[in-house]
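# Report on the structure
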Amino acid sequence: MRRLGGILWGCALLCAACTSETYDTGDGSYSYIRADFVMAHTAGAAEIDRVVTDEEATLALAPHATAQWASQADTLYRALLYYDYHEGAQQVRPRSLSQVLVLRPMQTTRRDTLKRDPMVFESAWMSKNGKFLNVGFAVKTGQDGDGQLHKQRLGLLCDTIREDGAVSALHFRITHDQCGVPEYYSSRGFLSIPINDTARKAAIRLQLTTYDGEVTKDF
């Protein structure tokens, strides 16, 4: 049975940054390297055999990629893939693979108690297939007195607006709990918010708190 992995119901726990796996660069030529956000399929635990890009292209990986965060077999994980690109190729060589957090709205009646600690907003865009709202971000992090990197918490709230029974707008709010982690340096990452079929034509608003104040983006 195929499962959708990496879906974080309510909150995502962050420890420094999203994990990346890097591979042998072979001949060292980067002329045809391409980056795509993908849904990555695991042939076995931590073994990625193929991906589907946001342009709906299916690519086999040769050799297979290793990703320790993709812990379940026959499961789909959201990821950012760098690979050797050749026009029309259906099999590609992976260069690196990074985990992308996937957030779904949390169910809560106490949303006013959720933390809105600041984070760094870098960019936001809709995927080409309309299935995800992608966000580039960074959080401030660092080791505490015992030398440990502790986890932070991201969450997602959503207000759905309907007209005549159809979804006309989605208002997303990213929440962030610094959890007392020291703020010594920035650690970058990406997250994706799934957009289901019934909301593909809806107006979308994204809000989050940054160190420069509130940010609102409309799509």
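What counts as what
- Residues numbered from 1 in each chain as written.
- Predicted model: local features only at pLDDT ≥ 70, side-chain atom pairs only at ≥ 80, totals over all residues.
- Heavy atoms only, no water.
- Core = buried A, V, L, I, M, F, W, Y, C linked by side-chain atoms within 4.5 Å.
- Buried < 20%, exposed > 50% of the residue type's maximum accessible area, 1.4 Å probe, protein only.
- Contact = heavy atoms within 4.5 Å.
- Salt bridge = Lys/Arg side-chain N within 4 Å of Asp/Glu carboxyl O.
- Helix = DSSP H or I, 4+ residues; strand = E, 2+ residues; numbered from the N terminus.
- Pairing = 2+ DSSP bridges.
- Phe/Tyr/Trp six-rings, centres within 6.5 Å; stacked < 30°, edge-to-face > 60°.

The next subject is the nonpolar core. By size, the foremost hydrophobic cluster in this structure holds 23 residues, and its most contacted members are Leu154, Leu170, Phe172, Ile174, Leu191 and Leu206. With residues up to four places along the chain from it excluded, the contact list for Leu170 reads Cys158, Asp159, Thr160, Ile195, Ala199, Ala203, Ile204 and Arg205. Among the nonpolar cores identified, the runner-up in size contains 16 residues, and Ala40, Ile48, Ala65 and Trp69 belong to it.

Let us look at the pattern of salt bridges. For the structure on display, the rule yields twelve salt bridges. For Arg34, the salt bridge identified is with Glu55, shortest N-O distance 2.8 Å. Of this pair, Arg34 sits in strand β5 (residues 33-44) while Glu55 sits in the loop between β6 (47-53) and β7 (58-66); the two residues are 21 residues apart in sequence, bridging distant segments of the chain. The exposure class assigned to Glu55 is partly exposed, which follows from its relative accessible area of 39%. The closest approach of N and O atoms between Arg200 and Asp197, which form a salt bridge, is 2.9 Å. One connected set of salt bridges, linked through shared partners, spans Arg34, Asp36, Glu55 and Lys128.

Turning to the pairing of strand β15 (residues 185-194), a few remarks are in order. Relative to β15, strand β10 (residues 101-104) runs parallel, the two sharing two bridges. Residue pairing across strands places Val102 opposite Ser192, the latter belonging to β15.

Our focus in this paragraph is the packing of aromatic side chains. With the rule as written, the count across this model stands at five aromatic pairs. Their ring planes at 65 degrees and their centres at 5.4 Å tell us that Phe37 and Trp125 sit as a pair that is edge-to-face. Of this pair, Phe37 sits in strand β5 while Trp125 is found in strand β11 (residues 120-126), placing the two residues 88 residues apart along the sequence. Exposure remark for Phe37: the relative accessible area of 13% places this residue in the buried category. Overall, the relative accessible area of 28% leaves Trp125 in the partly exposed class. Measuring from centroid to centroid gives 6.4 Å for Tyr83 and Tyr85, while their planes differ by 70 degrees, and the two rings are edge-to-face. Take Tyr85: its relative accessible area is 25%, and that puts it in the partly exposed class. Here the aromatic residues Phe37, Trp125 and Phe190 are joined through ring pairs into a cluster of three or more.

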